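Residues per chain, in single letters:
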Amino acid sequence: MNKTAFILAYALFPLPPVLLYLAGAGWPLDLYALSIALGVYAYCFACAQLVLAARPAWAQKALGQKGLRGFHAAAPLGIILLGLGHRFLKSAAGFDMESFKASVGGVGLALMAALSLLAFLFMAIIGGSLGAQLKELRSKASARGLDYKRTRALHALIAIAVPLLGLHLFLASSSVFARNPSGSVLLAVYALASLYSFIKYRIAGRVPAKEKG
């Protein structure tokens, strides 16, 4: 897989569940439909973050190690914007944004935003004057106990955001199995596959090199 194919696959893989969700909702042509599309895209990209965090060989081949790290670091901004757009449109369409379902989604989105900011400040490879300032910040944080290892462990908590966002999604009326069985199952497969990939990587990363293989 080359870079162009990777970007195309990344942009299009959420499309099947989006179409299934819109079909299940009766193909509405309004703010509600757009909110569904943004929400499903945001969730699919959140699942993809866990897969990319595992540094799969096919992604490294397509983007290179440095390119994959950069892509993985930049993607959360798009996910957060999609999630915020989803919430804004749901509110504009008259949905209750203080319900349990909406609150769970908000917590998941806030957790992803906070941990992504943490990764940018203490883990991302940044050059120039900003990089120099971040290097100084990281040095001070490390002296106070927040070193790279602990930051990486905290960042791994982003895996919690995916189940929270998934719970929000599956509580939605558009996910009612009787109305949208194919879409619900497909997104469940995306979620389970991404969590499996991430957990497998995290466990394997703790095995000494001599024990691998």
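Residues numbered from 1 in each chain as written. Predicted model: local features only at pLDDT ≥ 70, side-chain atom pairs only at ≥ 80, totals over all residues. Heavy atoms only, no water.

1. A look at empty space enclosed by the protein
Rules: Site definitions follow a grid-based scheme: protein atoms alone, a 1 Å grid, a 1.4 Å probe that fits but cannot get out for cavities, and for pockets an open set with protein on both sides within 12 Å along at least five of seven lines, plus lining residues having an atom within 4 Å of a point. Grid points are joined across faces, edges and corners, and a volume is the space filled by probe spheres set on the points. In this description a helix means any DSSP run of H or I spanning at least four residues, a strand means any run of E spanning at least two, and both kinds are numbered starting from the N terminus. Charged residues are taken to be Asp, Glu, Lys and Arg, nonpolar residues to be Ala, Val, Leu, Ile, Met, Phe, Trp, Tyr, Cys and Pro, and polar residues to be all remaining types, Gly included.
For the coordinates displayed, the defined rule picks out two cavities of 30 Å³ or more. Counted as a void, the largest cavity has a volume near 150 Å³. Lining the largest cavity we find Gly39, Ala42, Tyr43, Ile79, Gly83, His86, Arg87, Gly105, Leu109, Leu165, His168 and Leu169. The set of elements that each furnish at least two residues to the lining of the largest cavity consists of α3 (31-53), α4 (57-92), α5 (100-122) and α8 (158-171). Among the residues forming the lining of the largest cavity, the class breakdown is six nonpolar, five polar and one charged. Estimates place the volume of the second largest cavity at around 80 Å³. Lining the second largest cavity are Tyr21, Tyr32, Ser35, Ile36, Gly39, Val40, His86, Lys90, His168, Leu169, Ala172 and Ser174. For the lining of the second largest cavity, the elements supplying multiple residues, two or more each, are α3, α4 and α8. Per element, the largest residue contribution to the lining of the second largest cavity is five residues, and it comes from α3. By residue class, the composition of the lining of the second largest cavity is six nonpolar, five polar and one charged.

2. Notes on the packing of α5 against helix α7 (residues 148-155)
Let me state the cut-off plainly: To obtain each axis, a line is fitted to C-alpha atoms, and for helices this fit is confined to the stretch in contact; angles are then taken between N-to-C directions over 0 to 180 degrees. Geometric relationships in this document are graded by angle, where less than 35 degrees denotes roughly parallel, more than 145 denotes roughly antiparallel, 65 to 115 denotes roughly perpendicular, and other angles denote oblique. Handedness of a helix crossing follows the sense of rotation of the near helix relative to the far helix, less than a right angle counterclockwise being left-handed and clockwise being right-handed. Whether two residues touch is decided by their heavy atoms; if any such pair falls within 4.5 Å, the residues are in contact.
Packing of α5 against α7 leaves a shortest axis separation of 9 Å and a crossing angle of 160 degrees. Relative to α7, the element α5 lies roughly antiparallel. As α5 packs across α7, the resulting crossing turns out to be left-handed. Residues Leu115, Leu118, Ala119 and Phe122 of α5 form the contact with α7, whose participating residues are Tyr148, Thr151, Leu154 and His155.

3. Details of the layout of surface pockets
Of the pockets and cavities examined, the largest pocket occupies roughly 680 Å³. Contributing to the lining of the largest pocket are 27 residues, with Arg55, Arg69, His72, Met123 and His155 lying nearest its centre. At the level of secondary structure, the elements contributing two or more residues to the lining of the largest pocket comprise α3, α4, α5, α7 and α9 (181-204). When residues in the lining of the largest pocket are grouped by element, the largest group, seven residues, is from α4. For the lining of the largest pocket, the residue count by class is 17 nonpolar, five polar and five charged. Quantified by volume, the second largest pocket comes out at close to 240 Å³.

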